[in-house]
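Each chain, written out:
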Amino acid sequence: MRAVRAAVAAPVAFVLTLTACATGPALEERGEVTAPPGDSRRLTVGSAGFTESDLLARMYALLLDRAGYETTILSVTNREIYEPALESGQIDVVPEYAATFADWLNSKANGADAAPVGSPDLGATMTALRALAAPRGLAVLDAGRAVDQNAFAVAASYAAKHRLKTLSDLGRSGQPVRLAAGDECVRRPYCEPGLKKTYGIDITAVDPKGVGTTPAKQAVQNGQDQMVLTTTTDATLDDFGLVLLKDDKKLQNADHIVPVVNRSRAGSAGVKRALDKLNTVLTTNDLASLNKQVDSWRRLPEDVARSYLESRKLIPADG
């Protein structure tokens, strides 16, 4: 999902620059990273271009500004472009997703067929992620409370009728479920196979309407389907009368929000202190609300980010 969502165009010149930097020395020829963590006072914060990434990048920049750094924000098309830029120091900080980024780096290092290292266990996921990031000159800061992971929603009326709060409740109910999701759901372990094996849910069919798309949500809203695959920070569920069912047996991987930095430029304790402030405050529900303010209420991301940090007293109200 992350690769699909991070799809906003970047300036052509920058894309060409990053493409060139990606053709540098092979990772195994770069040698061990032994230099002390850097503390550049001018930092570039990367955004992957979709609403949530942009909001996180702007909050990171505001917190770093408050800590005495000078920041700029750069929106880049996708992970294939911004990760090499992060390694090279053209980008210094990016918001990432722990399990997704761990598996992406693992595939990059060990091939597309490498066994996944991301898991529902946050500790194990972070250990694997840091081990993969360090040889590339990247430092992974502490994961926050907010999680953007795959999730399943049903109509609020359906949940009330069958007394559903969790996916286990749905499995015990024995209700036949037609699931609106991407067509890959039929083979992905977190989707149809996992729902059947882990929760005993009777999935009768997968309706290939996409992940969290408007047609998928409408299909559940009107009763054509009974459940939709979306994400925990989906900003529009209320608009369709949908509610999430809790993943009480932890089928989904630990995709906690985590800052990743270029160690030689932004690996200092000062950067860590600044960004750690958001970790203890920002929740999954908060992030969903912020997404909604941008996507549904049409507020500017920079205004939403600033207002949130001010409301949590992480930056002064006068900026």
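Below is a short write-up of the structure. These numbers were taken from a predicted model, which means no experiment stands behind them. (Residues numbered from 1 in each chain as written. Predicted model: local features only at pLDDT ≥ 70, side-chain atom pairs only at ≥ 80, totals over all residues. Heavy atoms only, no water.)

Now for the overall build of the chain. Across its full length, the chain carries 14 helices and 10 strands. Here the chain holds 319 residues, and 52% of them are scored as buried. Intrachain contacts of the chain at a sequence separation of at least 6 include 76% that bridge at least 24 residues. (Helix = DSSP H or I, 4+ residues; strand = E, 2+ residues; numbered from the N terminus. Buried < 20%, exposed > 50% of the residue type's maximum accessible area, 1.4 Å probe, protein only. Contact = heavy atoms within 4.5 Å.)

With that settled, the discussion passes to the pairing of strand β3 (residues 93–97). Burial runs high along β3: 5 of the 5 residues are buried. By the alternation rule, side chains of β3 split into Val93, Pro95 and Tyr97 and Val94 and Glu96, which are all buried. The sheet contact formed by β3 and strand β10 (residues 257–262) spans 5 bridges and is antiparallel. By the bridge assignment for β10, Val94 is matched with Val260. (Pairing = 2+ DSSP bridges.)

On to the packing of aromatic side chains, then. Under the counting rule described, the total for this entry stands at 1 aromatic pair. Ring centres of Phe101 and Trp104 lie 6.3 Å apart, and the angle between their planes is 10°; this geometry places the pair in the stacked category. Note that Phe101 and Trp104 are positioned in helix α5 (residues 98–110) at a spacing of 3 residues, about one turn of the helix. Among the residues examined, Phe101 registers a relative accessible area of 0% and is labelled buried. (Phe/Tyr/Trp six-rings, centres within 6.5 Å; stacked < 30°, edge-to-face > 60°.)

This next bit is on empty space enclosed by the protein. As enumerated under the stated definition, the model contains 3 cavities of 30 Å³ or more in all. In this structure, the largest cavity encloses a volume near 60 Å³. Forming the walls of the largest cavity are Leu56, Tyr60, Gly144, Arg145, Ala146, Ile257, Leu278, Asn279 and Leu282. Among the elements of the structure, α3 (51–66) and α12 (269–279) are those that each provide at least two residues to the lining of the largest cavity. Split by residue class, the lining of the largest cavity holds 6 nonpolar, 2 polar and 1 charged. (1 Å grid on protein atoms, 1.4 Å probe; cavity = no way out; pocket = protein on both sides within 12 Å on 5 of 7 lines; lining within 4 Å. Points joined across faces, edges and corners; volume = space filled by probe spheres on them. Nonpolar A, V, L, I, M, F, W, Y, C, P; charged D, E, K, R; others polar.)

Strand order in the open sheet formed by 5 strands is β7-β6-β8-β5-β9, and the pairing between neighbours is mixed. The sheet is open, and its two edges are formed by β7 (202–208) and β9 (242–245), each paired on a single side. Taken over all neighbouring pairs, the strand axes of this sheet differ in orientation by 40° on average, direction set aside. Pairing of strand β5 (residues 150–155) with strand β8 (residues 227–231), which is carried by 4 bridges, proceeds in the antiparallel orientation. (Axes fitted to C-alpha atoms, helices over the stretch in contact; angles between N-to-C directions.)

This next bit is on the side chain of Asn279. You can see Asn279 is positioned in helix α12. In this structure Asn279 comes out as buried when scored by relative accessible area, which is 12%. Engagement of the side chain of Asn279 in a polar contact is seen with the backbone oxygen of Asp142, the distance being 2.8 Å. Beyond its immediate chain neighbours, meaning those up to four positions away, Asn279 contacts Asp142, Ala143, Gly144 and Arg145. (Polar contact = N/O pair within 3.5 Å; in protein donor to acceptor, adjacent residues only side chain to side chain.)

Glancing now at unusual backbone geometry. Here Lys250, not a glycine, exhibits a phi torsion of approximately 55°, which is positive. Of note, Lys250 is situated in the loop between β9 and β10. Of note, Lys313 is a non-glycine position whose phi angle comes to about 60°, a positive value. Mapped onto the fold, Lys313 is located in the segment after α14 (301–311).

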